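# Coordinate inspection notes
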Amino acid sequence: VGTSLSMFIRLELGLAGRGLLDGAGQLYNVIITGHGILPDELIPLSILYSNILHYGPPSRNANTLEVSRDIQRNSPQRIIKPLTDHPYHTELGPYLAGFLEGDGTIYVPPRFRNDSGDILYCQISVAFDVRELVFAEYLMSKLGGTVENHGTYVRWVVTAFNELVFIANLINGHMRTPKIAALSRLINFLHLHYPLLPVDNLKPLDTSPIDSNAWLSGMWDADGGFVLTISKAKDMRLGGVDRVKIMAKIELTTEYKRGVDLTLSTSSYYPILRTIADYFKVRTVRDVERLRDGTYYYSFVVETSSYLSNNNVVAYLNEYPLFTTRYLNYLRWLEVHNIMLRGEHLTLSGLNRCWEIKSDFNTNLSPKHITWYHLNNFYI
């Protein structure tokens, strides 16, 4: 405004005759006066309002002033901005919730600052087998974060505020295991120390039917698997012809080791495994004990083995597909399942095909056969 008035005055003075105002001296005096008053009024007002907007209202926490500055200017990757222009499917939230509850870690620092006075930050991360590098990079391209390659495994790590808030709000309401306690800690930490962030309040466990969304496929991509065994038939009814057997399985630790508010969830993973077993028509949830590096590890396992239970696996995964390399193993497992449904595993050609599949399956899956076209169907 001041610049416009200044330019107008200069033009008026530079023109001969009655000028732009056609000799209206009173109007000229008003413009001159306004040009002089505006700087005196606008500069103090701009300082006043910029301070009000910068410091904001009184905070619930003494750290809020510094935190709000940190959000705005501490580092470029922490600027609050729209996360992505990519549209996403409603199943993205349930899928990510299951995936994070399987192999994910929601880290919340025990305090706001370390001993050196530096601010500590939350993070969400997932560890992958190195063969899943493309999938990790795909998640990074759509949801942010970074991918760390550690040789035998890779980690997708999310720390930026806008990305953390987006993922937290996305999975909130879709958690089904005791790991909801970790999400609760994250939300409480952000509410306390970063009250300016648009973080939703914690929602309860999802108790909807297990086949109502993609949660189980996300969990399966983290902790599920497929089994194909070929062995000699014990009763020799087939004249020594090898016996083909397939299973689908999902395995989780028996208990969440961190403290869990019992108003949120029990600490045991048995209830969710029991729910999965009931859906697949599996009678037993097995207890498994493993000794590794001198330490015993305990888990619950649900395994399908009958045609009925395997058919239920097929029905679910056809509706809510997998996206890691487990999808490729599932396709091979599914082919054997269909061979068995047709009774072709009892023929020499069918049995030979089963052996071919087994040679390129799970840990034997050839790198040259790992493709990622199925990511075109991902939820974002």
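All values derive from a computational prediction rather than experimental measurement.

About the criteria used
- Residues numbered from 1 in each chain as written.
- Predicted model: local features only at pLDDT ≥ 70, side-chain atom pairs only at ≥ 80, totals over all residues.
- Heavy atoms only, no water.
- Helix = DSSP H or I, 4+ residues; strand = E, 2+ residues; numbered from the N terminus.
- Buried < 20%, exposed > 50% of the residue type's maximum accessible area, 1.4 Å probe, protein only.
- Contact = heavy atoms within 4.5 Å.
- Areas by Shrake-Rupley, 256 points an atom, 1.4 Å probe, with all protein chains shown as cover.
- Pairing = 2+ DSSP bridges.
- Axes fitted to C-alpha atoms, helices over the stretch in contact; angles between N-to-C directions.
- Core = buried A, V, L, I, M, F, W, Y, C linked by side-chain atoms within 4.5 Å.
- Salt bridge = Lys/Arg side-chain N within 4 Å of Asp/Glu carboxyl O.

Further remarks concern the overall build of the chain. The number of helices and strands found in the chain is twelve helices and eight strands. Looking at the chain as a whole, 43% of its 380 residues are labelled buried. Sequence separation of 24 or more characterises 67% of the internal contacts of the chain that already satisfy a separation of 6 or more. When the accessible surface of the chain is totalled, it reaches about 20,400 Å², and 55% of it is carbon and sulfur.

Below, the discussion takes up the sheet that holds strand β1 (residues 104–107). Read across the open sheet, the four strands follow the order β1-β2-β4-β3; overall the sheet is antiparallel. Each of the sheet's edge strands pairs with one partner strand only, and the pair in question is β1 and β3 (146–149). Going from strand to strand, the sheet's axes swing by 20° on average, the running direction of each strand aside. Pairing of β3 with strand β4 (residues 153–158), which is carried by four bridges, proceeds in the antiparallel orientation. Looking across to β4, one finds that V147 is bridged to W156. Strands in contact with helix α6 (residues 161–171) are β1, β2 (123–129) and β4; relative to β4, the strand with the most contacts, it is inclined by about 95°.

Let us now look at the nonpolar core. Counting residues in hydrophobic clusters, the biggest one holds 94 residues, and the most contacted among them are F135, F226 and F378. Once you skip the residues sitting within four places of it in the chain, F135 turns out to touch Y95, F99, F128, F323, T324, W372, L375 and F378.

Positive phi values are uncommon outside glycine, yet K281 reaches one of about 65°. Looking at the secondary structure, you find K281 in the loop between α9 (270–280) and β7 (286–292). Although it is not a glycine, D293 adopts a positive phi angle of roughly 55°. Along the polypeptide, D293 turns up in the loop between β7 and β8 (295–304). On the basis of relative accessibility, which here comes to 78%, the residue D293 falls in the exposed class.

Let's shift gears to the side chain of S265. Among the structural elements, S265 can be located in the loop between β6 (242–253) and α9. For S265, a relative accessible area of 8% puts it in the buried group. Residue contacts for S265: discarding those within four places in its chain leaves T177, P178, I180, L205 and V260.

With that out of the way, let us pick up the pattern of salt bridges. Enumeration over the complete set of coordinates arrives at eleven salt bridges. One salt bridge in this structure joins R353 and E335, with 2.7 Å as the shortest N-O distance. Residue R353 is found in helix α12 (residues 348–358), and its partner E335 is found in helix α11 (residues 326–341); the two are separated by 18 residues along the sequence. Classification of R353 by relative accessible area gives partly exposed; the value is 32%. Notably, a salt bridge pairs E344 with R342, separated by 2.8 Å at the nearest N-O pair. Given a relative accessible area of 33%, E344 falls into the partly exposed group. The exposure class of R342 is exposed, given its relative accessible area of 52%. Three or more residues joined by partner-sharing salt bridges are found here, namely E335, R353 and E356.

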